[in-house]
Amino acid sequence: MQTRKLGSSGLSIAPLVLGGNVFGWTADRAASFTVLDTFLDGGFNAVDTADVYSRWAPGHQGGESETVLGDWMKERGSRDKVVVITKVGSEMPAGKGLKAAYIQSACDASLKRLKTDRIDLYFSHFPDKETPIEETLEAHQRLIDQGKVRSVGGSNYDAAGLKQALDAAGGSRARYTVLQPHYNLLVRDQYEGGLENLCVKEGLGVIPYFALASGFLTGKYRSEADLGKSARGGGMKKHFNARGLAILAALDAVSKAHGATQAQVALAWLMARPSITAPIASATSATQLKELAAAAELKLSADDMKALDL
Ligand SMILES: NC(=O)c1ccc[n+]([C@@H]2O[C@H](COP(=O)([O-])OP(=O)(O)OC[C@H]3O[C@@H](n4cnc5c(N)ncnc54)[C@H](OP(=O)(O)O)[C@@H]3O)[C@@H](O)[C@H]2O)c1
């Protein structure tokens, strides 16, 4: 599999990152192991998780996803084949935010759950207005100096916040080398424009999340009768509007012309955007994952890209 350079992180990744929020949630431990096996066997390498996944699920505390990923890497002896991506800052039982002492202790807790001595890419999950960015970047640099983290990134930053972080970097302060924004065919305006231009200008890697709009862009939700197709179906209601349905119609047309599926076209559209290194998407079964993986082979024409530009 041809890999792409992930900004200046020193990492190279295949063109699809596996989302880990489902591990231990909508994919139980056995299903998660199967999805991870299928992903690695397909020649892919980067897996994205966060300390907080899946705290929102009833009875969960956070850490469930990292634990499943760590167990799988240990059981398979696969740590060196995986680019491990995780995040800090969302509310956990032990704390939240991006203060230096918390970042240090949260990183140690993540390493323990992941059963490894290093994280390849460590994200600030959300900007923290309570903490000076200089303090956060110094804490990240300490982790790099300690060998616990290889490179760091920012998630959910807007253009002004990212620019502030990049301007503050240098010397004892780490530089964000990768952005993880919310970006897909449906949700474009938070990323396109100022933020996208800044990433290109500064040479950041970009790995967008919700690449499939949590399943909507697979085309499996067409009416309220379909909402029961997943535990996450309830969240799809908001997309049943003129724009959402027009995007599904465009996905139908382009996928039909290529003998592909809607999910593959939605991912190929992101893969083809010049500023994007690789989209992040999750899967709850090997069948779903195999379908997503084939997006890496799908080449969209300029006309396809235009038809999807709604
Ligand atoms: N940085 C952040 O703040 C942030 C926020 C959210 C997510 N993320 C990251 O992004 C990743 C992806 O997000 P996500 O899982 O919420 O959304 P997503 O990737 O847009 O949607 C994935 C979901 O779509 C369904 N699906 C996938 N392939 C399918 C197929 N071939 N056919 C039918 N359905 C299919 C599956 O759910 P069902 O089987 O349940 O339908 C799957 O869990 C997360 O795992 C996480 O790593 C980051």
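Note that the structure is a prediction, hence the values are computed from the model and not measured.

Participant: Is there a simple way to think about the site of the ligand in this case?
Facilitator: As a matter of local geometry, the ligand sits amid 31 residues, with N21, D48, K220, R232 and S282 nearest to it. With respect to the ligand, the backbone of A213 contributes an N or O atom lying 3.2 Å from an oxygen atom. Contact with the protein chains hides 94% of the accessible area of the ligand, taken as 900 Å² for the molecule alone. Taken together, the elements giving at least two residues each to the shell around the ligand come down to strand 10 (280–281) and helix 9 (286–293). Among the residues making up the shell around the ligand, the classes are represented as 12 nonpolar, 14 polar and 5 charged.

Participant: What's the story with the environment of I207 in this structure? I'm lost.
Facilitator: Summarising the element assignment, I207 is placed in the loop between strand 9 (205–206) and helix 7 (242–258). On a C-alpha basis, the gap between I207 and Q180 in space is 5.1 Å, while along the polypeptide they are 27 residues apart.

Participant: I'm lost on the packing of helix 1 (residues 29–41) against helix 2 (residues 64–76) in this one. Help?
Facilitator: The geometry of a pair of packed helices is captured by two quantities: the angle between their axes and the separation between those axes. Running from N to C, helix 1 and helix 2 point in directions that differ by 60°, and their axes come no closer than 10 Å. Compared by their axis directions, helix 1 and helix 2 come out oblique. Crossing geometry of helix 1 relative to helix 2 is assigned as right-handed. Residues R29, S32, F33, L36, D37 and L40 of helix 1 touch helix 2, and the partners they reach there are V68, L69, D71, W72, E75 and R76.

Participant: What am I meant to see in the packing of helix 5 (residues 159–168) against helix 6 (residues 194–202) here?
Facilitator: Orientation of helix 5 relative to helix 6, taken along the N-to-C sense of each, is 25°, at an axis distance of 9 Å. Taken together, the axes of helix 5 and helix 6 lie roughly parallel to each other. Facing helix 5, whose interface residues are A159, L162, K163 and L166, helix 6 presents G194, L195, L198, C199 and E202.

Participant: Teacher, can you tell me more about helix 2 here?
Facilitator: Working note: α-helix, 3.6 residues per turn, so residues spaced by three or four point in the same direction. Between the first and last C-alpha of helix 2 there are 18 Å, a value that for 13 residues agrees with the 18 Å anticipated at 1.5 Å per step. What helix 2 keeps buried is the set E64, S65, E66, V68, L69, G70, D71, W72 and M73. Looking at the buried side of helix 2, the elements it contacts are helix 1, strand 4 (46–48), strand 5 (83–88) and helix 3 (100–114). Of the residues one or two after helix 2, G77 is the one with positive phi, at around 65°.

Conventions adopted
Residues numbered from 1 in each chain as written. Predicted model: local features only at pLDDT ≥ 70, side-chain atom pairs only at ≥ 80, totals over all residues. Heavy atoms only, no water. Near = heavy atom within 4 Å. Polar contact = N/O pair within 3.5 Å; in protein donor to acceptor, adjacent residues only side chain to side chain. Areas by Shrake-Rupley, 256 points an atom, 1.4 Å probe, with all protein chains shown as cover. Helix = DSSP H or I, 4+ residues; strand = E, 2+ residues; numbered from the N terminus. Nonpolar A, V, L, I, M, F, W, Y, C, P; charged D, E, K, R; others polar. Axes fitted to C-alpha atoms, helices over the stretch in contact; angles between N-to-C directions. Parallel < 35°, antiparallel > 145°, perpendicular 65-115°, else oblique. Left-handed = near helix turned anticlockwise from the far one by under 90°. Contact = heavy atoms within 4.5 Å. Expected span 1.5 Å × (residues − 1). Buried < 20%, exposed > 50% of the residue type's maximum accessible area, 1.4 Å probe, protein only.

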